[in-house]
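Topology and contacts: notes
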Amino acid sequence: MDIRVQQEPFDLGAEANAFAARQSGMGAVVTFTGIVRDVSGSLDAMEIEHYPGMTERALAKIAEEAASRWQIGDALILHRYGRLAADETIMMVATAARHRADAFQAAEFLMDYLKSRAPFWKKEVTGAGEGWVAARDEDEDALSRW
Amino acid sequence: MRDLVEELRAREERYAAAFADLSALRVAVDQELADFDAPLVGVREVAFFPPMTGG
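All values reported here derive from a predicted model rather than from experimental measurement.

This part takes up the confidence of the model for chain B. With 100% of its residues at a pLDDT of 70 or more, chain B shows a mean pLDDT of 94. If you check the scores for this complex, the pTM reads 0.93 and the ipTM reads 0.90.

Turning to the interface of chain A and chain B, a few remarks are in order. Facing 19 residues of chain A, the contacting portion of chain B comprises 11 residues. Mapped by element, the contributors of at least two residues to the side of chain A that touches chain B are α2 (54-69), α3 (100-117) and β7 (120-126) of chain A. Split into classes, the residues belonging to the side of chain A that touches chain B amount to 11 nonpolar, 4 polar and 4 charged.

This brings us to unusual backbone geometry. Located in the positive-phi region is A:Asp87, a residue other than glycine, with phi close to 75 degrees. Here A:Asp87 lies in the loop between β5 (82-84) and β6 (89-97). Overall, the presence of 10 C-beta atoms within 10 Å leaves A:Asp87 in the exposed class. A positive phi angle is found at B:Asp30, which is not glycine, with a value near 50 degrees. In this structure, B:Asp30 sits in the loop between β1 (26-29) and β2 (32-34).

Residue and element names in this part refer to chain A. One open sheet holds the 4 strands; their spatial order is β5-β3-β7-β8, and the pairing between them is antiparallel. At either end of the open sheet lies a strand with only one pairing partner, and these are β5 and β8 (129-132). Between one strand axis and the next, the sheet turns by 25 degrees as a mean value, whatever way the strands run. In this sheet, β8 lies alongside β7 in antiparallel orientation, the contact comprising 4 bridges.

The subject of this paragraph is the sheet that holds strand β2 (residues 28-35) of chain A. All names here are of chain A. One open sheet holds the 4 strands; their spatial order is β1-β4-β6-β2, and the pairing between them is mixed. Strand pairing shows two members of the sheet lacking a second neighbour, β1 (2-6) and β2, which therefore form its edges. Averaged over all pairs of adjacent strands, the angle between their axes in this sheet comes to 5 degrees, without regard to strand direction. In this structure, β1 lies alongside strand β4 (residues 72-80), joined through 5 bridges in parallel fashion. Across the sheet, the residue bridging to Asp2 is Leu76, located in β4. Strands in contact with α3 are β2, β4 and β6; relative to β6, the strand with the most contacts, it is inclined by about 145 degrees.

Cut-offs applied
Residues numbered from 1 in each chain as written. Chains lettered and ligands numbered in written order. Predicted model: local features only at pLDDT ≥ 70, side-chain atom pairs only at ≥ 80, totals over all residues. pLDDT = per-residue confidence, 0-100. Contact = placed C-beta atoms within 7 Å. Helix = DSSP H or I, 4+ residues; strand = E, 2+ residues; numbered from the N terminus. Nonpolar A, V, L, I, M, F, W, Y, C, P; charged D, E, K, R; others polar. Buried ≥ 20, exposed ≤ 12 C-beta atoms within 10 Å, placed from the backbone. Pairing = 2+ DSSP bridges. Axes fitted to C-alpha atoms, helices over the stretch in contact; angles between N-to-C directions.

Here is the structure:
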């Protein structure tokens, strides 16, 4: 398991290639990438805060949970914090499994849990001011399917 | 945990406002998500925060 929380941008292609290259006997690698959306049309920046110390532990726990539920050989969670611009990459997950169903489901599980169980908070900064992004009920509801 | 929340509520107006609706808050005990019924014996760190919006 590879858990990283960092401010710096990352190279999606390089990370995906490195992740796939270090697997052995895995028939499937699934990756997901989250990107900053300019919902209002006037976004200057998206500021992401987290809870250092707890964040890494929470992500590791979510990854362990995924590994206990599906036959996955490896997982990567990489999440950025700090000030990001629209269309910048916020985060990625990757899962590797012998079969694609496990890789897809584990990746979806990681995303669903990460959205409302890992201590990250997003703030939108626009010309009109700034505001914290509200948690969505759908994100909380998404957990009930697992 | 309930006692801690009550003590904070009584201490300052802004705490009372922050803890007005516990369903809108999350709590972590020693950097692990917990609930408002969690015991605090031996606990070193308690954090209150709004619902998380990662991903």
